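Structural features, examined
Chain by chain, the residues:
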Protein chains: 2
Amino acid sequence: MASQRRFDLNHVLDQMVEVFWRKGYAATSIQELEAATNLNRPSLYAAFGGKEEMFLAVLRRYGDKYNAHLMAALQQPGSAREALCLYFDKLAAQLSDHHLPPGCLLANTVLEFGSAKEALGRYVREQLAMIESGFYQAIRRGQIENEFRRSLDPRVMARLLTATAEGMALLARSDFGEAALRDIARSALLALDAPGAVTSANRFEARSPEAVPLGPTGL
Amino acid sequence: MASQRRFDLNHVLDQMVEVFWRKGYAATSIQELEAATNLNRPSLYAAFGGKEEMFLAVLRRYGDKYNAHLMAALQQPGSAREALCLYFDKLAAQLSDHHLPPGCLLANTVLEFGSAKEALGRYVREQLAMIESGFYQAIRRGQIENEFRRSLDPRVMARLLTATAEGMALLARSDFGEAALRDIARSALLALDAPGAVTSANRFEARSPEAVPLGPTGL
């Protein structure tokens, strides 16, 4: 019986990732998760707890499989500019990979839970802060190595690149293919070379303390 | 009785816009629409048809109230750069207006229906193409008036600004406030002044013909 058999947790999570990624949290029913995993409701509840706990486990699995390699690209040694290009090339390829659901599960979840006070909301904001911090550190590295001008505000540019990645994720759910997504990323990176600069007058407004990333570079 | 009384259609639509904007299509129940509009299910079905038709009417109402003034900003006479800044200032203010649900109903709907073959999917792609076309025409105008370099690819830059607007809409559902959103827009506009240029090798890949905007400037 399904409720008594042992199963590979990561394999089950992969099947649930697929459903939630395609449909979103609210639109996914326990019946669909049962069908995707070939496990019944008591087995799923016994393994994960309720739907919210299932989804948190799914988000963590998604992060390991689909976000960790992007964050690693940002930290590759050598040119910071090339690291940023690599991040965005990998992102454009993943967002439009026809073997995967379109777009990005994290971006979908920002829409559903970005401002929620509960664990899901906190998790999503932490992930966004981690991405923003990754961009910040790459830009700072590029400034220290004289690839980027010192007059750039790395926090503002990190926010631009975060918004660019999220906008790409959203448009990948429509009819934007890989080349169009790559164009978007490459043109956002042009802003790093523009003669002007945007300096935020009020850099920390409206962001909760938990969302301010504290990276090893002392952001 | 609710089912027999006459009602102001736009007022009812405004109440339904609020619910769908906050919760998304899938997570909104007819009961919630009944509660928000103070109309019962038969009245709602008689007025609109099914849930999908209600949502299409809601999207059109949303466009009239919350997108038309942004598109008008892009077309204001004078400097194209100022028109783009005005668009994004208005967008940042609207996305973070505490009297409205956070973010943008259209962006939410791109996630839910961006690739759907049905009427909702077509409507969403048409709206995205209209926004992209608005940016394209403003950038072309700026090139003709020598505000922007002729070597810019206006289609690529229009895509960047579309992705920026959608990324801002997504981050507004999290903890990004108005100043942070404005920083993102201003730094994206810096890309218009960068010395480099991104020219797409394959500009029309993966976009369906219906999504290619054909504006009066002969895009």
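Anything mentioned here points back to the structure above.
Structure report, in brief. (Residues numbered from 1 in each chain as written. Chains lettered and ligands numbered in written order. Predicted model: local features only at pLDDT ≥ 70, side-chain atom pairs only at ≥ 80, totals over all residues. Heavy atoms only, no water.)

Bringing the overall build of chain A into the picture now. The number of helices and strands found in chain A is 9 helices and 0 strands. The N-to-C order of helical and strand elements in chain A reads α-α-α-α-α-α-α-α-α. Split into buried and exposed, the 219 residues of chain A put 58% on the buried side. Long-range pairs, those at least 24 residues apart, make up 70% of the contacts in chain A with a sequence separation of at least 6. A total accessible area of about 9100 Å² is found for chain A, and carbon and sulfur atoms account for 52% of it. (Helix = DSSP H or I, 4+ residues; strand = E, 2+ residues; numbered from the N terminus. Buried < 20%, exposed > 50% of the residue type's maximum accessible area, 1.4 Å probe, protein only. Contact = heavy atoms within 4.5 Å. Areas by Shrake-Rupley, 256 points an atom, 1.4 Å probe, with all protein chains shown as cover.)

What follows is about the interface of chain B and chain A. Taken together, the contact pairs 50 residues of chain B with 49 residues of chain A. Of the roughly 4100 Å² buried at the junction of chain B and chain A (both faces included), carbon and sulfur atoms supply 70%. When the area that chain B buries against chain A is broken down by residue, the three leading residues are Leu111, Leu170 and Asp175 of chain B, summing to 17%. On inspection of chain B and its partner chain A, the count reaches 2 salt bridges. Between Asp183 of chain A and Arg159 of chain B there is a salt bridge; the shortest N-O distance is 3.2 Å. At the boundary of chain B and chain A, one finds 6 residue pairs in polar contact (both at pLDDT 80 or more). For the side of chain B that touches chain A, the secondary structure elements donating two or more residues are helix H6 (105-113), helix H7 (119-144), helix H8 (154-171) and helix H9 (178-190) of chain B. The element that contributes the greatest number of residues to the side of chain B that touches chain A is H8 of chain B, accounting for 11 residues. Per-class residue counts for the side of chain B that touches chain A are 26 nonpolar, 12 polar and 12 charged. (Buried area = accessible area lost by both parts, 1.4 Å probe. Salt bridge = Lys/Arg side-chain N within 4 Å of Asp/Glu carboxyl O. Polar contact = N/O pair within 3.5 Å; in protein donor to acceptor, adjacent residues only side chain to side chain. Nonpolar A, V, L, I, M, F, W, Y, C, P; charged D, E, K, R; others polar.)

A few words now on the relation of the copies chain B and chain A. Overlaying chain B with chain A gives an RMSD of 0.0 Å, the required rotation being 180° about an axis along which the chain moves by 0.0 Å. Taken together, the rotation and translation describe the operation of a two-fold axis. Counting the interface residues of chain B, we find that 98% of their copies in chain A are interface residues as well, pointing to one common contact surface. (Least-squares fit on C-alpha atoms with pLDDT ≥ 70 in both.)

Turning next to helix H5 (residues 80-95) of chain B. Residues and elements named next belong to chain B. Taking 1.5 Å of rise per residue, the 16 residues of H5 would be expected to cover 22 Å, and the 22 Å separating its terminal C-alpha atoms lies within 8% of that figure. Burial in H5 covers these residues: Ala80, Ala83, Leu84, Cys85, Tyr87, Phe88, Leu91, Ala92, Gln94 and Leu95. Packing partners of the buried residues in H5 comprise helix H4 (51-74), H7, H8 and H9. Sitting at the amino-terminal end of H5 is Ser79, which places a side-chain oxygen 3.2 Å from the backbone nitrogen of Arg81. (Expected span 1.5 Å × (residues − 1).)

So, about the environment of Ala163 of chain A. You can see Ala163 of chain A is positioned in helix H8 (residues 154-171). Given the relative accessible area of 0%, Ala163 of chain A is considered buried. Along the backbone, Ala163 of chain A and Arg149 of chain A are 14 residues apart, and their C-alpha atoms lie at a distance of 21 Å. Once you skip the residues sitting within four places of it in the chain, Ala163 of chain A turns out to touch Ala163, Gly167, Met168, Leu171 and Ile184 of chain B.

Now for the pattern of salt bridges. Tallying each qualifying case throughout the model produces 19 salt bridges over all chains. For Glu132 of chain A, the salt bridge goes to Arg155 of chain A, with nearest N and O atoms at 3.6 Å. Placement of the pair is Glu132 of chain A in helix H7 (residues 119-144) and Arg155 of chain A in helix H8, with a sequence separation of 23 residues. Overall, Arg155 of chain A belongs to the buried group, its relative accessible area being 4%. Here Lys23 of chain B makes a salt bridge to Glu32 of chain B, at a shortest N to O gap of 2.5 Å. The exposure class assigned to Lys23 of chain B is partly exposed, which follows from its relative accessible area of 39%. For Glu32 of chain B, a relative accessible area of 26% translates into the label partly exposed. Among the charged side chains, a network of salt bridges with common partners joins Asp183 of chain A together with Glu132, Arg155 and Arg159 of chain B.

Turning to the packing of aromatic side chains, a few remarks are in order. Residue and element names in this part refer to chain B. On inspection of all chains with the given rule, the structure shows 22 aromatic pairs over all chains. Seen in terms of ring centroids, Phe20 and Phe55 are 4.7 Å apart; in terms of plane orientation they differ by 55°. Their pairing is tilted. One end of the pair, Phe20, is in helix H1 (residues 9-23); the other, Phe55, is in helix H4, and 35 residues separate them in sequence. Its relative accessible area of 1% is what places Phe55 among the buried residues. Aromatic pair Tyr62 and Tyr66: ring centres 5.2 Å apart, planes at 40°, arrangement tilted. Linking Tyr62 with Tyr66, this pair stays in helix H4, spanning 4 residues, or about one helical turn. (Phe/Tyr/Trp six-rings, centres within 6.5 Å; stacked < 30°, edge-to-face > 60°.)

As a further point, take the layout of surface pockets. Size it by volume and the largest pocket reaches roughly 620 Å³. Forming the walls of the largest pocket are 27 residues, and the residues nearest its centre are Ala26 and Glu112 of chain A together with Lys23, Gly24 and Glu112 of chain B. Those elements that provide at least two residues to the lining of the largest pocket are helix H1 (9-23) and helix H6 (105-113) of chain A together with H1 and H6 of chain B. Counting residues per element, the lining of the largest pocket draws most heavily on H6 of chain A, at 5 residues. Its residues assigned to classes, the lining of the largest pocket shows 13 nonpolar, 6 polar and 8 charged. (1 Å grid on protein atoms, 1.4 Å probe; cavity = no way out; pocket = protein on both sides within 12 Å on 5 of 7 lines; lining within 4 Å. Points joined across faces, edges and corners; volume = space filled by probe spheres on them.)

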